[in-house]
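Observations on the model geometry
The chain contents come next:
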Amino acid sequence: MSQIKTANKETIKKAADLIRSGEIVVLPTETVYGLGANALDGQAVAKIFAAKNRPSFNPLITHVSSIEQAETLVDMSVDAKAVAREFWPGPLTLILPRKEEAGVSDLVSAGLETLAVRMPAHPVARELIEEAGVPIAAPSANSSGEPSATTPRHVKDSLGERAPFILAAGSCDVGLESTVLDMSGDVPVVLRPGCVTAEDLKPLLGDVAYDLGKDKGEDVKSPGQLLKHYAPSIPVRLRAVEVKEGEALLAFGSLKFMGVEGGGAAKDLPDHALRNLSEASDLHEAAANLFTMLRDLDVPENTGIAVMDIPDTGVGIAINDRLSRAAQGR
Ligand code: TXA
Ligand code: MG
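Residues numbered from 1 in each chain as written. Chains lettered and ligands numbered in written order. Predicted model: local features only at pLDDT ≥ 70, side-chain atom pairs only at ≥ 80, totals over all residues. Heavy atoms only, no water.

What follows is about the packing of helix α4 (residues 78-87) against helix α7 (residues 198-205). One way to put it is that α4 packs onto α7 with a least axis distance of 10 Å and a crossing angle of 130°. Viewed along their axes, α4 and α7 adopt a mutual orientation that is oblique. As α4 runs across α7, the sense of the crossing is right-handed. Contacts from Asp-79, Ala-82, Val-83, Glu-86 and Phe-87 of α4 reach α7 at Asp-200, Leu-201, Leu-204 and Leu-205. Here the contact of α4 with α7 is composed, by residue class, of six nonpolar, no polar and three charged. (Axes fitted to C-alpha atoms, helices over the stretch in contact; angles between N-to-C directions. Helix = DSSP H or I, 4+ residues; strand = E, 2+ residues; numbered from the N terminus. Parallel < 35°, antiparallel > 145°, perpendicular 65-115°, else oblique. Left-handed = near helix turned anticlockwise from the far one by under 90°. Contact = heavy atoms within 4.5 Å. Nonpolar A, V, L, I, M, F, W, Y, C, P; charged D, E, K, R; others polar.)

Encoded structure:
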């Protein structure tokens, strides 16, 4: 039976015991819920891949509770340390050369010579890592291909019995997965856009490139970019200027000029067919609502999801990245 346990001293300790004994545990982070296991234990990590039905070539992020712990796992350049000091704990993952002697399972990095590391801002996540005394490998807590889960309920909907222990702490503040920044090459490259933007990183790093893996076929840096991701079970249509018959609307900002094909106003759509990411056009609010609202609209009453245009600046870049993947379908 899958158990949802409110995070407190006692349940965090229980979760830490499970991690140390080679089991998997769902943990809250400020971005999305994670499905964690002891990164040093190959058999435990294998359980993550099985539970998510995740292809083994797609590496995992290792979560740490301090910069010192990260330094035991990867080679941190002067720049990497500066970035970690500025943005950790927080929604930023760094790809760095892995230290072989640290003993992180090869499964975690899918055989690559680099390792993704992140210190989460969520206090429960950090307490769990400290209590467990080992780094925790954790992908998002959803079945491979589905939108990431930002509430305990969505974890349960997506993974069911495959998530036996869920440490619950409400909905995630950020709502989008961390920014993935590859610092293993000459120029830092954003492989997955997130709440920490290239603009935020530039004052520390100078030039920061984007490589979101679109139109690149096999030649991608981040294996996750190859995969279809975040897709609801019904078609997603972007930059919609009106709502078609049977479609639901995922709105952003004012609905004043949004109409329904054949007559009618979008604001009069029934509840199951209408969500607004942010009435105030706030991109951070929209990011926090994105996955929950996609799931809300992914119901049999709707034939598809029309999404209004979202500005491609700041966090909007990350939102549009997830939406364009959602629009590619499952
Ligand atoms: O916010 C987050 O990052 C959440 C929470 C739980 O921390 N985790 C998460 O993990 O989103 P996941 O596994 O769903 O996404 C990790 C991404 C994948 O696209 C993967 O390919 C990439 O990071 N990645 C991991 N290790 C890598 C490496 N060594 N080189 C390049 N990309 C890597
Ligand atoms: Mg994921």
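What follows deals with the domain arrangement of the protein. Looking at the protein, the domain boundaries give domain 1 (3-210) and domain 2 (236-326). Its C-alpha centre places domain 1 at a distance of 29 Å from the equivalent point of domain 2. Counting residues at the interface gives 21 residues for domain 1, matched by 14 residues for domain 2. When domain 1 packs against domain 2, the two sides together hide about 1,300 Å² of surface, and 61% of this comes from carbon and sulfur. Per-residue buried area on domain 1 facing domain 2 is highest for His-154, Leu-176 and Pro-193; these three make up 38% of the total on that side. Close ionic contact of Arg-322 with Glu-177 constitutes a salt bridge, the shortest N to O distance being 2.8 Å. Where domain 1 touches domain 2, the interface holds five residue pairs in polar contact (both at pLDDT 80 or more). Counted by class, the side of domain 1 that touches domain 2 contains seven nonpolar, ten polar and four charged residues. (Domains from an automatic or database assignment. Buried area = accessible area lost by both parts, 1.4 Å probe. Salt bridge = Lys/Arg side-chain N within 4 Å of Asp/Glu carboxyl O. Polar contact = N/O pair within 3.5 Å; in protein donor to acceptor, adjacent residues only side chain to side chain.)

Counting buried residues in strand β6 (residues 114-118) gives four out of five residues, a clear majority hidden from the surface. The pairing of strand β4 (residues 61-63) with β6 spans three bridges and is parallel. Along β6, the bridge assignment pairs His-63 with Arg-118. Pairing of strand β5 (residues 92-97) with β6 involves four bridges; the strand directions are antiparallel. Residue Leu-96 lies in a different strand from β6, and its bridge partner there is Leu-115. (Buried < 20%, exposed > 50% of the residue type's maximum accessible area, 1.4 Å probe, protein only. Pairing = 2+ DSSP bridges.)

Ordered in space as β12-β17-β14-β16, the four strands form an open sheet in which the pairing is parallel. What marks the edges here is a single partner per strand, and that holds for β12 (236-237) and β16 (274-276). For strand β14 (residues 247-251) and β16, the ladder comprises three bridges, and the chain directions are parallel. From the neighbouring strand, Leu-249 faces β16, where its bridge partner is Leu-274.

For ligand 1, the set of nearby residues contains 25 residues, the closest of which are Thr-31, Asn-58, His-63, Ser-178 and Gly-224. At a separation of 2.6 Å, an oxygen atom of ligand 1 approaches a polar side-chain atom of Thr-31. Taking Arg-118, its side chain carries an N or O atom lying 3.1 Å from an oxygen atom of ligand 1. Those elements giving two or more residues to the shell around ligand 1 turn out to be β4, β6 and β10 (189-192). Here the shell around ligand 1 takes three residues from β6, the largest share from any one element. Here the shell around ligand 1 is composed, by residue class, of eleven nonpolar, nine polar and five charged. (Near = heavy atom within 4 Å.)

One can find Thr-62 in strand β4. A relative accessible area of 0% means that Thr-62 is categorised as buried. When neighbours within four sequence positions are excluded, Thr-62 is seen to be in contact with Ala-39, Leu-73, Val-104, Val-108, Leu-115, Ala-116, Val-117, Arg-118, Pro-135, Ile-136 and Ala-137.

This part is about the environment of Gly-34. Considering the arrangement of structural elements, one finds Gly-34 in strand β3 (residues 34-38). Overall, the relative accessible area of 6% leaves Gly-34 in the buried class. Gly-34 sits 279 residues away from Thr-313 along the chain, and the two C-alpha atoms are 27 Å apart. In this structure Gly-34 touches Val-25, Val-26, Leu-27, Ala-138, Pro-139, Ser-140 and Ala-141, once residues within four positions along its chain are discounted.

The next subject is the pattern of salt bridges. Counting across every chain of the model gives 16 salt bridges. Salt-bridge contacts for Lys-13 lead to Asp-17; the nearest nitrogen and oxygen are separated by 3.9 Å. With Lys-13 and Asp-17 both in helix α1 (residues 9-20) and four residues apart, this pair spans about one turn of that helix. Assessed through its relative accessible area of 32%, Asp-17 is described here as partly exposed. Several salt bridges converge on common partners, so that one network encompasses Glu-177, Asp-321, Arg-322 and Arg-325.

With that out of the way, let us pick up the nonpolar core. In this structure, Met-76, Trp-88, Leu-92, Leu-94, Val-155, Leu-181 and Leu-201 are the most contacted members of the largest nonpolar core, which totals 47 residues. Of all the secondary structure elements, the ones that give two or more residues to this core are β3, α2 (42-52), α3 (67-73), α4, β5, β6, α6 (152-159) and α7. Broken down by element, this core gets its largest block of residues, five residues, from α2. Residues within four places of Leu-201 in sequence aside, it is in contact with Val-83, Phe-87, Leu-92, Leu-181, Val-190, Val-196 and Val-208. Core analysis: the next-biggest nonpolar cluster, separate from the first, contains 37 residues, Tyr-230, Ile-234, Leu-274 and Leu-283 among them. (Core = buried A, V, L, I, M, F, W, Y, C linked by side-chain atoms within 4.5 Å.)

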